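Structural overview
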Amino acid sequence: VEEPRPWWLAVCAPLAALTKEQVGLSLALLGVWAFVRHRRRWTAALLVAGGTAWTAFCVAVVIPHYSPTGGSPFINRYADLGESQSEVVKTLVTRPWDAVEVALSWGRFTYVLALVLPLLLLPFLAPLLALAALPDLGLNLLAQYWPQYSVQYQYTATIIPFLMAAAILGLA
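Numbering of residues starts from 1 in each chain and follows the order in which that chain's sequence is written. Given that this is a predicted model, residues contribute local features only at a pLDDT of at least 70 and side-chain atom pairs are listed and counted only at 80 or more, while totals for whole chains, interfaces and linings are drawn from all residues. The basis for the side-chain values is all heavy atoms of the structure; hydrogens and waters are excluded.

What follows concerns the overall build of the chain. Across its full length, the chain holds nine helices and zero strands. Expected size for 172 residues packed as a compact globule is a radius of gyration near 16 Å; at 17 Å, the chain falls within 12% of this value. Only protein chains enter the calculation, and the probe is 1.4 Å; a residue is then buried if its accessible area is under 20% of its type maximum, exposed if over 50%, and partly exposed in between. Looking at the chain as a whole, 36% of its 172 residues are labelled buried. Should any heavy atoms of two residues lie within 4.5 Å, those residues are counted as being in contact. Contacts spanning at least 24 positions in sequence make up 68% of the contacts within the chain whose residues lie at least 6 apart. Per-residue accessibility takes into account occlusion by the displayed protein chains alone, with areas from the Shrake-Rupley method and a 1.4 Å probe. Accessible area of the chain: about 10,400 Å², with a carbon and sulfur share of 71%. Secondary structure elements are defined from DSSP: runs of H or I of at least 4 residues count as helices, runs of E of at least 2 residues count as strands, and each element is numbered from the N terminus. Using C-alpha atoms as the atom set, the radius of gyration is obtained and then compared with a globule rule of 2.2 Å times the number of residues to the power 0.38.

Before going further, it helps to examine the packing of helix 2 (residues 23–38) against helix 8 (residues 134–142). Only C-alpha atoms enter the line fits that serve as axes; for helices the fit covers just the stretch in contact. Angles between N-to-C directions range over 0 to 180 degrees. Where helix 2 contacts helix 8, the two axes come as close as 7 Å, and the packing angle between them is 135°. By the angle between their directions, the pair helix 2 and helix 8 is classed as oblique. Of helix 8, the residues touching helix 2 (which contributes Leu 25, Ser 26 and Leu 29) are Leu 134, Pro 135 and Asp 136. Here the word oblique covers every angle except those under 35 degrees (roughly parallel), over 145 (roughly antiparallel) and from 65 to 115 (roughly perpendicular).

For this analysis, a nonpolar core means a set of buried residues of the types Ala, Val, Leu, Ile, Met, Phe, Trp, Tyr and Cys, connected via side-chain atoms within 4.5 Å. Membership of the largest hydrophobic core comes to 35 residues, with the highest contact counts inside it found for Leu 27, Leu 30, Tyr 111, Leu 115, Ile 159 and Leu 163. Ranked by residues supplied to this core, first place goes to helix 9 (residues 159–171) with five residues.

Our focus in this paragraph is the environment of Leu 134. In this fold, Leu 134 is placed in helix 8. Once the C-alpha coordinates of Leu 134 and Thr 43 are considered, the two residues, 91 residues apart in sequence, prove to be 20 Å apart.

Position of Gln 22 among the secondary structure elements: in the loop between helix 1 (6–17) and helix 2. Exposure remark for Gln 22: the relative accessible area of 9% places this residue in the buried category. Filtering out sequence-adjacent residues up to four positions away, Gln 22 remains in contact with Thr 55, Pro 135, Asp 136 and Leu 139.

Looking now at the pattern of salt bridges. Side chains bearing opposite charge may pair, as long as their charged atoms lie close to each other. When a carboxyl oxygen of Asp or Glu lies within 4 Å of a side-chain nitrogen of Lys or Arg, that pair is called a salt bridge. If you walk through the whole model with that rule in mind, you get three salt bridges. Between Arg 37 and Glu 2 there is a salt bridge, and its shortest N-O distance comes to 3.1 Å. With Arg 37 in helix 2 and Glu 2 in the segment before helix 1, the pair connects residues that are 35 residues apart, well separated along the chain. Here Glu 2 falls in the partly exposed class, since its relative accessible area comes to 35%. A salt bridge links Asp 98 to Arg 95, with the nearest nitrogen and oxygen atoms 2.7 Å apart.

Glancing now at the state of the cysteines. A pair of sulfur atoms, both from cysteines and within 2.5 Å, is called a disulfide here. Using the criterion set out here, one finds zero disulfides in the structure. Of all cysteine sulfurs, the one in Cys 58 lies closest to Cys 12, which takes part in no disulfide; the gap is 18 Å. On the basis of relative accessible area, Cys 12 is assigned to the partly exposed category, the value being 42%.

Spelled out as structure tokens, the structure:
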């Protein structure tokens, strides 16, 4: 997105979206950043629409189709917020303070520090680009089980590239 290479973006963005269902939301936030930083309307529109549509399709169709229960097999990770996807969403909308309480616990705070301190807090100087890490970061912060909010596991794979890019841009 930073370099005006739309054909590479047209190849790489869908490939990235195929890796995890929530990557589409990160691409959508990257589209917002592309619009604000570069005023690339078409790039932004395609990333926002395509990324959001892909995540919605994965959550509403793909995951239920291949799940033995018909719902997300990962919902038990968020049991503090509800026992089903609809209950978790309802909690996030009607009782967001419950989610904030989970996300602001000490273990989650040290997790965020472990992500940004090695980058000298530079991602905070390019916050709009760093926000593209928010879908995965939010899922990790709300997870009930420790490995998901640890930098030692694969759960940071989508977060780190956005924080690195934001650190580089922040330093610039």
